[in-house]
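Spelled out from the first residue to the last, the chains are:
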Amino acid sequence: GIFATLLFFYLKQSPTDVGLQVMPSVDGDDDSDNPKNPHHLDNTTLGEALTSFIQSPRFWLVCISIMCLTILMAFQSFIPIYLKEIFNLSPGKAGIASSVFPLGSMFSVLVGGFVFDRLTKKKRVFVLGAMMTLATACIAVLLVLPNQNLQDNNMLWIALSMIMVYGLMIAPCYMIPMSVFSVDFGGKHCG
């Protein structure tokens, strides 16, 4: 909060405000000179842009969703404990086995970026909603898995598969909309 307050008063609008020369834009670097697609915050100061953010219900909905998804991403901290307690793995092996979550997350963010760019805004809502539903199903499977009469080895592979699928489903929901929304909504003030 303190840094945000200090930045509000001391962060300058452009390099010329501190005596630096404006660097020429590289072709394709930005579209600020493109009159076809003006952004609603292009001609605003930082203070006016922040006021616009604070007054926007869309901004607050994204903030709340990021807060909730951060809790779901923190699930990865408990994966080694789950594997250790349910499957009697040593702490080291449980830590190694839990690496399937970040592996699934990395793969899905890479692939998800390409897929997300091809979706319309309406389709994005349905795709991300379906992904959150699948992530919830993965948690449900992990919850009921210890009560099933399966061999320990099979249960472990099912659990690791569910953890990886959970990472596949949750990471794009957490990473992509947050960054896409901030650039789309904030324009040059997205930072």
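Caption draft 1: Quick look at the packing of aromatic side chains. Enumeration over the complete set of coordinates arrives at five aromatic pairs. Summarising the aromatic geometry, the rings of Phe75 and Tyr166 are spaced 4.8 Å apart at their centres and angled 65 degrees between planes, so their arrangement reads as edge-to-face. Residue Phe75 is located in the loop between helix H3 (57-73) and helix H4 (79-87), and its partner Tyr166 is located in helix H8 (residues 152-186); the two are separated by 91 residues in the primary sequence. Judged by its relative accessible area of 22%, Phe75 is partly exposed. Overall, Tyr166 belongs to the buried group, its relative accessible area being 1%. When the centroid spacing of 5.8 Å and the interplanar angle of 35 degrees are considered together, the rings of Phe101 and Tyr166 count as tilted.

Caption draft 2: Representation of the layout of surface pockets. Space inside the second largest pocket adds up to approximately 510 Å³. Every residue lining the second largest pocket is counted, 17 residues in all, and those nearest its centre are Arg124, Val125, Leu128, Pro177 and Phe181. In terms of residues, the lining of the second largest pocket owes the most to one element, helix H7 (residues 121-144), which gives six residues.

Caption draft 3: Representation of the nonpolar core within the structure. Leu83, Phe87, Phe101, Ile163 and Ile170 are the most contacted members of the largest nonpolar core, which has 29 residues in total. Listing elements by their share of this core, those giving two or more residues are H3, H4, helix H5 (91-97), helix H6 (100-117), H7 and H8. The leading source of residues in this core is H8, at twelve residues. Apart from the residues lying within four places of it in its own chain, the contact partners of Ile170 are Leu69, Leu72, Met73, Phe101, Met132 and Ala135. Listed in part, the six residues of the second largest apolar core include Leu41, Phe53, Phe181 and Phe185.

Caption draft 4: Up close: the packing of H6 against H8. Relative orientation of the contacting elements H6 and H8 amounts to 45 degrees, with a least axis distance of 7 Å. Accordingly, the angle class assigned to the pair H6 and H8 is oblique. Seen along the crossing, H6 lies across H8 with a hand that is right-handed. Within the contact between the two elements, H6 uses Val100, Phe101, Leu103, Gly104, Ser105, Phe107, Ser108, Val109, Gly112, Gly113 and Phe116 and H8 uses Leu160, Ile163, Met164, Tyr166, Gly167, Leu168, Ile170, Ala171, Pro172, Met175, Ile176 and Val180. Residue composition of the contact of H6 with H8, grouped by class: 17 nonpolar, six polar and no charged.

Caption draft 5: The arrangement of the side chain of Ser98 in detail. Checked against the element boundaries, Ser98 lands in the loop between H5 and H6. A distance of 2.7 Å separates a polar side-chain atom of Ser98 from the backbone oxygen of Gly95. Every residue in contact with Ser98, bar those within four places of it in the chain, is listed here: Ile79, Pro80 and Leu83.

Caption draft 6: Molecular detail of the pattern of salt bridges. Across all of its chains, the model carries one salt bridge by this definition. When the shortest N-O distance is used, the salt bridge between Lys84 and Glu85 registers 3.4 Å. Since its relative accessible area comes to 52%, Glu85 is described here as exposed.

Caption draft 7: Region of the structure containing the environment of Ser105. The topology assignment puts Ser105 in helix H6. Taking the C-alpha atoms as reference points, Ser105 and Leu168, 63 residues apart in sequence, are found 4.9 Å from one another. If sequence neighbours within four positions are ignored, Ser105 has contacts with Gly167, Leu168 and Ala171.

Caption draft 8: Broad picture of H3. Compared with an ideal rise of 1.5 Å per residue, which puts 17 residues at 24 Å, H3 spans 24 Å between its outermost C-alpha atoms and is within 8% of the ideal. Those residues of H3 that are buried are in contact with H6, H7 and H8. Capping the start of H3, Ser56 holds a side-chain oxygen 3.3 Å from the backbone nitrogen of Arg58, two or three residues further along.

What counts, and at which threshold
Residues numbered from 1 in each chain as written. Predicted model: local features only at pLDDT ≥ 70, side-chain atom pairs only at ≥ 80, totals over all residues. Heavy atoms only, no water. Phe/Tyr/Trp six-rings, centres within 6.5 Å; stacked < 30°, edge-to-face > 60°. Helix = DSSP H or I, 4+ residues; strand = E, 2+ residues; numbered from the N terminus. Buried < 20%, exposed > 50% of the residue type's maximum accessible area, 1.4 Å probe, protein only. 1 Å grid on protein atoms, 1.4 Å probe; cavity = no way out; pocket = protein on both sides within 12 Å on 5 of 7 lines; lining within 4 Å. Points joined across faces, edges and corners; volume = space filled by probe spheres on them. Core = buried A, V, L, I, M, F, W, Y, C linked by side-chain atoms within 4.5 Å. Contact = heavy atoms within 4.5 Å. Axes fitted to C-alpha atoms, helices over the stretch in contact; angles between N-to-C directions. Parallel < 35°, antiparallel > 145°, perpendicular 65-115°, else oblique. Left-handed = near helix turned anticlockwise from the far one by under 90°. Nonpolar A, V, L, I, M, F, W, Y, C, P; charged D, E, K, R; others polar. Polar contact = N/O pair within 3.5 Å; in protein donor to acceptor, adjacent residues only side chain to side chain. Salt bridge = Lys/Arg side-chain N within 4 Å of Asp/Glu carboxyl O. Expected span 1.5 Å × (residues − 1).

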